[in-house]
Amino acid sequence: MDILAHQRGSAIAYNHHSTLRKSSFSSLSPHSIRAYQKNNLLQKTANTSHFVHNQQISDVAKKLRLKNAQDSDPSLGKITKSASKPIFKGLGDDFVILREKASLRVKRFLLQDQACKLLPSERINNCLKKRISKDKGVLVKYNPVTKAACYGNLQLCSSVWSCPVCAAKISEKRRSELKQGIARHRKNGGHVYLLTLTNLHHFGDNLIELMAGQKKALKYLWSDRKSKEHFAELGKVGHITANEVTHGENGWHPHMHILMFFDKNVDIKELQTFIANYWQHCCKKANLKKPSLDYGCDITDGSFADRYVSKWGLEEEMTKGHIKKGREGGNTPFDLLRLSESGCERSGQLFQQFAAAYKGKRQLFWSSGLKDLLGVPKITDKQAAESEDNDSTEEQELAMEIWRLVLIYKARGELLKVFELDKFDGGNRFDMFIEGLAERYVVDYQDKLMRDAGIIGVRAEYLQQCS
């Protein structure tokens, strides 16, 4: 922590900046350093003992806040000292909803930290941690319309499958696209049906092989001449496919939710019978285990889906399958991540399998021409993940000393939460939170601070002698 080192150096009262530029500390042998520390550590650290006294410990936090304000762009907000205000003011339902949404985001950030442990070589390890431009600090941005805060000048992994934070952003954007497309089609007199397809599977089946087989079987369903002609007769104009997977007693259970767009009303029972029988044929052709007629295929009207769909709404069923909580004992991938966070090693291994199998896959697949027909813009996952940042304005620029504290204490979600609540009621939680992190750091790392202070003193005195 550069700022803490600076404060320690000031406490020791060595001020030889010109000398520090002339020579390197590496020229002082480790033996000399240890000998000097042994004889002089108490003397050198006595001047820094104020860091660990409760009545003066907040000085470090205040200096960090001051440093942040000095480093911030003048056009942006600066952290300033002000009287603390109550955390909760009883401001009604809006305040409660805001707080609950922020709390969910805190959990997503913590889940992302767990995913980083399981996927150490993936881009998620830099996501919302490392800066894009080193010329600026980390930005705190705010959207007054959605009343949501976010970070700026930070890298994004844009992984809809393995990153809980990016997944929430991308899925929400995709949900909006679906909602827009469905509304447009119905306004034009069309009808939408929800088709769910799966096949027989058993414990030990390979997820990648199951996915590849289902992809091949689905291709047969849409492209075989018999099925293609039948769908054309019914007035099918397109479809949207979303892949979902859970893990339970019978191992991996990949399945597909498909929105089918027709220009006229169709007989659901007749359509169910045709697809169920033809899906069996397609699975056999793709070397998959043949599903039963009752469980391999299910069709519901878009307005009257089963309990699972009605809980989420049609769009949520399509886009948030890997985020939702699993049903009937099955765990979604993010359920597995939560279990891993709680200490289940097997769940962590299963999440790694899922991440490898779905890496690079699209969340939603729109049939050719359907987006143009429904007037839905084409955007990438990266653009979807960045949309929150692009729609927000800069409010704060955090000094790197503060950002390092935030990372050390895994407080990225909490910092955004207190910022949003302050914007809602004019409170002072943001300043207080940063002070609390700094005070906590000084308490948790006091031994390190005092050791470093001794080394700084040794270095400064040695360089003084060399000058």
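The structure reproduced in this document is the subject of the present report. Numbering of residues begins from 1 in every chain and follows the order in which that chain's sequence is written. Only residues with pLDDT of at least 70 get local features here, since the model is predicted, and only at 80 or more are side-chain atom pairs given and counted; chain-wide, interface and lining totals rely on the full set of residues. Hydrogen atoms and water are omitted, and side-chain values are computed over all heavy atoms in the structure.

Examining the overall build of the protein
Numbering of helices and strands runs from the N terminus, with a helix taken as a DSSP run of H or I at least four residues long and a strand as a DSSP run of E at least two residues long. Per the secondary structure count, the protein includes 19 helices and eight strands. Buried means the residue's accessible area, taken with a 1.4 Å probe over protein chains only, is under 20% of the maximum for its type, while exposed means over 50%, and partly exposed covers the values in between. Within the protein, buried positions represent 50% of all 467 residues. Any pair of residues with heavy atoms lying within 4.5 Å of one another is described as a contacting pair. Counting only contacts in the protein whose residues sit at least 6 apart along the sequence, the fraction spanning at least 24 positions is 75%. Computed with the Shrake-Rupley method and a 1.4 Å probe, the accessible areas treat only the protein chains shown as cover for residues. With an accessible surface of roughly 23,600 Å², the protein has 50% of that area assigned to carbon and sulfur atoms.

Some remarks on the environment of Ala 183
Looking at the element boundaries, Ala 183 is found in helix α6 (residues 164–187). Classification of Ala 183 as partly exposed rests on a relative accessible area of 47%. A sequence separation of 191 residues divides Ala 183 from Leu 374, and the C-alpha atoms of the two residues are 9.0 Å apart.

Observations concerning the nonpolar core
In plain words, nonpolar cores are sets of buried Ala, Val, Leu, Ile, Met, Phe, Trp, Tyr and Cys residues tied together by side-chain atoms within 4.5 Å. Tyr 151 and Phe 351 are the most contacted members of the largest nonpolar core, which totals 59 residues. Not counting chain neighbours up to four residues away, the residues in contact with Tyr 151 comprise Phe 109, Leu 128, Val 138, Leu 139, Val 140, Lys 141, Asp 389, Trp 403, Ala 411, Arg 412, Leu 415 and Leu 416. Of all hydrophobic cores here, the second largest spans 27 residues; its members include Leu 195, Leu 271, Phe 274 and Tyr 278.

A closer look at unusual backbone geometry
Phi angles above zero are rare outside glycine, and Lys 147 is one such case at about 60°. Along the polypeptide, Lys 147 turns up in the loop between β1 (138–143) and β2 (148–152). According to the relative accessible area criterion, Lys 147 is partly exposed, its value standing at 38%. For Asn 153, which is not glycine, the phi torsion reads 60° and is therefore positive. With respect to the secondary-structure elements, Asn 153 resides in the loop between β2 and α6.

Remarks on the side chain of Gln 114
Here Gln 114 lies in helix α5 (residues 93–118). Not counting residues within four places of it along the chain, the set of residues in contact with Gln 114 comprises Leu 337, Ser 340 and Glu 341.

Here's the deal with the packing of helix α16 (residues 400–408) against helix α18 (residues 429–444)
Working convention: axes come from line fits to C-alpha atoms, limited for helices to the stretch in contact. Angles between N-to-C directions cover 0 to 180 degrees. Contact geometry for α16 and α18: axes closest at 10 Å, N-to-C directions at 75°. Between α16 and α18, the crossing angle belongs to the class labelled roughly perpendicular. The segment α16 lies against α18, with Ile 402, Leu 405, Val 406 and Ile 408 engaging Ile 434, Leu 437, Ala 438 and Tyr 441. In this count, Pro and Cys sit with the nonpolar residues alongside Ala, Val, Leu, Ile, Met, Phe, Trp and Tyr, while Asp, Glu, Lys and Arg are called charged and the others, Gly among them, polar. For the contact of α16 with α18, the residue count by class is eight nonpolar, no polar and no charged. For classification, angles of less than 35 degrees are called roughly parallel, those exceeding 145 degrees roughly antiparallel, those between 65 and 115 degrees roughly perpendicular, and all remaining angles oblique.

So, the sheet that holds strand β3 (residues 191–197)
Pairing between strands is defined by DSSP: at least two bridges between them are needed. The strand order β6-β3-β5-β4-β7 describes an open sheet built from five strands, whose pairing is antiparallel. The outermost strands of the open sheet, each flanked by one partner alone, are β6 (297–301) and β7 (364–366). Shown here is a sheet whose adjacent strand axes are inclined to one another by a mean of 20°, direction ignored. One ladder, built from seven bridges, connects β3 with strand β5 (residues 251–262); its direction is antiparallel.

As for α16
Taken together, the buried positions of α16 are occupied by Met 400, Glu 401, Ile 402, Trp 403, Leu 405 and Val 406. Lys 410 occupies a position one or two residues after α16 and carries a positive phi of about 50°.

A short note on the packing of aromatic side chains
Note on aromatic contacts: the rings of Phe and Tyr and the six-membered ring of Trp form a pair at centre separations within 6.5 Å, being stacked when their planes are under 30 degrees apart, edge-to-face when over 60 apart, and tilted otherwise. As enumerated under the stated definition, the model contains 14 aromatic pairs in all. Ring geometry for Phe 231 versus Phe 274: centroids 5.9 Å apart, planes at 90°, classification edge-to-face. Of the two residues, Phe 231 is situated in helix α8 (residues 225–234) and Phe 274 in helix α9 (residues 268–285); the sequence distance between them amounts to 43 residues. Neither residue differs from the other here; Phe 231 and Phe 274 are each classed as buried. A centroid spacing of 6.0 Å and a plane angle of 45° characterise the contact between Phe 351 and Phe 354, whose relative ring orientation is tilted. Here Phe 351 pairs with Phe 354, and both are found in helix α13 (residues 345–358), just three residues apart, close to one helical turn.

What about the sheet that holds β1?
Sheet strands pair by backbone hydrogen bonding; their relative direction is either parallel or antiparallel. Read across the sheet, three strands follow the order β2-β1-β8 without closing on themselves; strand pairing throughout is antiparallel. Every other strand in the sheet has two partners, leaving β2 and β8 (393–398) as the edge strands with one partner each. Across this sheet, the average inter-strand angle for adjacent strands is 30°, counted without regard to direction. Running over the sheet, α16 touches β1, β2 and β8 and is turned about 90° from β8.

Note that every value here comes from positions in space, so none of it alone points to a role or purpose.
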